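# Coordinate inspection notes
Chain residues, written in single-letter form:
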Amino acid sequence: MTDPTARAAHADRDAVIELLRVAAGEGRIDLAELDERLERAHAAKTYGELDGLVADLAGAGRTAEEQHMVLRSPSGIRQAGRWTVPRRITAHAHSGGIRLDFSEAVCLHREVALEARADYGAIVLTVPRGWSVVVEEASTIRFKNQADAPADPGAPTLRIVAESPYSPIKIRHPR
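This one's a predicted model, so the numbers in the text were calculated from it and none came from an experiment.

The rules behind the values
- Residues numbered from 1 in each chain as written.
- Predicted model: local features only at pLDDT ≥ 70, side-chain atom pairs only at ≥ 80, totals over all residues.
- Heavy atoms only, no water.
- Helix = DSSP H or I, 4+ residues; strand = E, 2+ residues; numbered from the N terminus.
- Buried < 20%, exposed > 50% of the residue type's maximum accessible area, 1.4 Å probe, protein only.
- Contact = heavy atoms within 4.5 Å.
- Areas by Shrake-Rupley, 256 points an atom, 1.4 Å probe, with all protein chains shown as cover.
- Lys, Arg positive; Asp, Glu negative; His and termini not counted.
- Charge placed at Lys NZ, Arg CZ, Asp CG, Glu CD.
- Pairing = 2+ DSSP bridges.
- Axes fitted to C-alpha atoms, helices over the stretch in contact; angles between N-to-C directions.
- Patch = residues over 30% accessible without salt bridge, like charges linked within 9 Å, V, L, I, M, F, W, Y side chains within 5 Å.
- Salt bridge = Lys/Arg side-chain N within 4 Å of Asp/Glu carboxyl O.
- UniProt positions renumbered as here; feature names shortened; annotations may be inferred.

## Comments concerning the overall build of the protein
Counting secondary structure elements, the protein contains three helices and ten strands. Overall, the C-alpha framework of the protein stretches about 55 × 30 × 30 Å when taken along its three principal axes. Every one of the 175 residues in the protein was classed for burial, and the buried ones make up 44%. When contacts within the protein are restricted to residue pairs at least 6 apart in sequence, those whose partners lie at least 24 apart make up 67%. Per element, the accessible surface of the protein, about 9,600 Å² overall, is 49% carbon and sulfur. Of the side-chain charges in the protein, 23 are positive and 25 negative, and the distance between the mean point of each set is 7 Å.

Below you can see the structure in the form of structure tokens.
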């Protein structure tokens, strides 16, 4: 867990601003409240200040299940573009592949746990430069982590447990 008094980076403010805009688009906050929260987000210096702006939007009322994405692929799954990253992701590529592209995703969590299992379909993860990738465990001979750029302070950490008896699991940066 990140210290709420630690300094926030531009990427942290941008992620909160995006969540606020989405919340306004969904009608969860009105335009006057959006303007006020955006002003405070631009001026925020710490994680605590940013967290306070979205606490009632991102975490309140959400169950653990809602913060867990489960992907099971009989024919192929692609998650890309603008999407909100949950705290936990389980990806099981049984016969079709799974592609998770975090390049444009909004991630409000400091750490995301990903359990990847590739039986007969490949799993490809695309993570932005600056994110930290930590491979906790890899039970496979077909595992390739090419996301080795230095991590930015305060950027999300993707913690991976990977298992693959037959198919490849690859981690890379956007091209």
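## Focus on the sheet that holds strand E2 (residues 77-79)
Strands sit in the order E2-E4-E6-E10-E8 across an open sheet of five strands; the sheet is parallel. In the strand order of this sheet, the two ends are held by E2 and strand E8 (143-145), each with one partner. Put simply, the sheet's adjacent strands are angled 5 degrees from each other on average, direction ignored. One ladder, built from three bridges, connects E8 with strand E10 (residues 169-172); its direction is parallel.

## Some remarks on the sheet that holds strand E9 (residues 157-164)
Taking strand neighbours across the sheet as the criterion, the five strands line up as E1-E3-E5-E9-E7 in an open arrangement whose pairing is parallel. The open sheet terminates on both sides in strands that have one partner only, identified here as strand E1 (68-73) and strand E7 (132-140). Between one strand axis and the next, the sheet turns through 10 degrees on average, direction left out of account. In this structure, E7 lies alongside E9, joined through eight bridges in parallel fashion. Bridge pairing links valine 134 to arginine 159 in E9.

## Quick look at the pairing of E1
What you see with E1 is a clean split: Met69, Leu71 and Ser73 sit on the buried side and His68, Val70 and Arg72 on the side with no burial. Judged from the six bridges that link them, E1 and strand E3 (residues 88-93) form a sheet pairing that is parallel. Within E3, the residue paired with valine 70 across the bridge is threonine 90.

## A short note on a positive patch on the surface
Taken together, the side chains of Arg78, Arg99, Arg142, Lys144, Lys170 and Arg175 present a region of like positive charge at the surface. Its place among the elements puts arginine 78 in strand E2. In this structure arginine 78 comes out as exposed when scored by relative accessible area, which is 59%.

## Notes on the UniProt feature "domain: DUF1707" (unreviewed entry) in the protein
The sites that carry the UniProt feature "domain: DUF1707" (unreviewed entry) are, in the present numbering, residues 7-57. Span residues 7-57 is 78% helix and 0% strand, its end C-alpha atoms 22 Å apart.

## Details of the pairing of E10
The two faces of E10 differ: Ile169 and Ile171 on one face are buried, but Lys170 and Arg172 on the other face are not. When strand E6 (residues 123-126) meets E10, the two strands line up parallel, connected through four bridges. Across the sheet, the residue bridging to leucine 125 is isoleucine 171, located in E10.

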